[in-house]
Amino acid sequence: MSSYTLTTEVVIPSLNRLDVLRSTLLRVRTLYPDLYICLGLQGEMPDKEFQRELDSDEWMRMERMTVPGTTRTLNHCVGSSHAEIVLIMDDDAIPCPGWLEAHIAAFADDPVLVYTAGREVRATRQRSAVTELLSILAENTLGLAVGIDKRAKGRIVGWTGNIGLIFGNFDNDGTCLINSPRGCNMAVRKELFMKLGGFREEFVGNAWGFEADFGLRAARRGSLGRFVGAAAVIHHEIASGGSREKGKREWFRDFFANHRELMRELGPAGWIGATPRLLKRYLFG
């Protein structure tokens, strides 16, 4: 466990992926046997055997949500936590050694830091050479105005521009300021998170963009987050269950609706950068 005095809890939302969740919990407990964990369970509930395992873990609590919803579940779990720092992790993300300590160190070093986002190593969906080249070209042209304090190892990380372009690069190392975290591996200072109103619950289905919306709202109040490359997870991005249960058409409908929600923060100019992203998803999934 971390030597820092900040109290911590990790929130893991899960929808109809109990086998995946069970495997993740085993790996988390290998690294952090006495870390407080809150499970935001939606849809299918554990069978008797799995429930006995959960009940025997004194550091575990469960919040059962009758109506599924990513942001609703996260807000409920964070709001009911007694911890000062709440970490948020997908149910198919596996933390690497030093993950917790790196997140907490960032908050300990900056008492007004609202949130952090850690490194995401994608196990199954690596970017192609062409995609990587296009990303670098965009950063060196459209991203020229993004300062060096928003770059880690020279790459823009976790940044949404005024015209809706979103630079990810969460597989990078290093540290920098960000305005768009990624929910598979982030952490929030509960008090400040609640003052900002938490995540907006209008995001539906796959809830795409809810983290960017939160980061932009925080930035409008003068608070940027921090990318912490040392806080790494292996994200397996399991192809079934969760928000991926929906068919392509319904998934894309939610994707478009969530873009409209994000435009509440970006304004009409945000559709400029959003259009290529929407076309790509519509044509190629």
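Along each chain, residues carry numbers from 1 onward, in the same order as the chain's sequence is written. Two thresholds apply to this predicted model, a pLDDT of at least 70 for residue-level local features and 80 or more for giving and counting side-chain atom pairs, whereas whole-chain, interface and lining totals are computed over all residues. With hydrogens and water stripped out, all remaining heavy atoms of the structure feed into the side-chain values.

Details of the nonpolar core
Our working rule: Nonpolar core, defined: a set of buried Ala, Val, Leu, Ile, Met, Phe, Trp, Tyr and Cys residues in which side-chain atoms within 4.5 Å join the residues together. For each residue, the accessible area found with a 1.4 Å probe, counting protein chains only, is set against the maximum for its type, and the residue is called buried under 20%, exposed over 50%, and partly exposed in between. In this text, helices come from DSSP runs of H or I with a minimum length of four residues, and strands from runs of E with a minimum of two, each type numbered from the N-terminal end. By definition in these notes, contact holds between two residues if any of their heavy atoms fall within 4.5 Å.
Of all hydrophobic cores here, the largest spans 31 residues; its most connected members are Leu 25, Leu 39 and Trp 99. Elements with a contribution of two residues or more to this core: strand S1 (8-15), helix H1 (18-31), strand S2 (37-42), helix H2 (48-55), strand S3 (60-65), strand S4 (85-89), helix H4 (99-109) and strand S13 (225-235). The contact partners of Leu 39, leaving out residues within four places of it in the chain, are Ile 12, Leu 21, Leu 25, Leu 54, Met 60, Arg 61, Met 62 and Glu 63.

A short note on the pairing of S4
A regular strand places its side chains on the two faces of the sheet in alternate fashion. Here is the rule we go by: For two strands to pair, DSSP has to find at least two bridges joining them.
In terms of burial, S4 is largely enclosed, as five of its five residues are buried. Neither face of S4 is exposed, since Ile 85, Leu 87 and Met 89 on one face and Val 86 and Ile 88 on the opposite face are all buried. In this structure, S1 lies alongside S4, joined through four bridges in parallel fashion. When the bridges of S4 are listed, Glu 9 appears paired with Val 86. Where S4 and strand S12 (residues 185-189) come together, five bridges link them in antiparallel fashion. Across the sheet, Ile 88 pairs through a bridge with Met 186, a residue of S12.

Quick notes on the side chain of Glu 139
For clarity, the cut-off: Here a polar contact is taken to be a pair of N or O atoms separated by no more than 3.5 Å, where protein atoms must pair a possible hydrogen donor with a possible acceptor and residues adjacent in sequence count only if both atoms sit in side chains.
Looking at the secondary structure, you find Glu 139 in helix H5 (residues 129-139). Residue Glu 139 is classed as buried on the basis of its relative accessible area, which comes to 2%. Within polar-contact distance, the side chain of Glu 139 engages the side chain of Arg 155 at 2.7 Å. Beyond its immediate stretch of four places on either side in the chain, Glu 139 contacts Leu 144, Arg 151, Gly 154, Arg 155, Ile 156, Phe 167 and Asn 169.

What to know about the pattern of salt bridges
This is how it is decided: Salt bridge criterion: a side-chain nitrogen from Lys or Arg within 4 Å of a carboxyl oxygen from Asp or Glu.
Within the structure shown, the criterion is met by 20 salt bridges. For Arg 200, the salt bridge goes to Glu 261, with nearest N and O atoms at 2.9 Å. Here Arg 200 is found in the loop between helix H6 (190-195) and helix H7 (210-220), whereas its partner Glu 261 is found in helix H8 (residues 248-266), with 61 residues between them in sequence. The exposure class assigned to Glu 261 is buried, which follows from its relative accessible area of 17%. Residues Glu 265 and Arg 220 are paired through a salt bridge, measuring 2.9 Å at the closest nitrogen-oxygen approach. Of the two residues, Glu 265 is situated in helix H8 and Arg 220 in helix H7; the sequence distance between them amounts to 45 residues.

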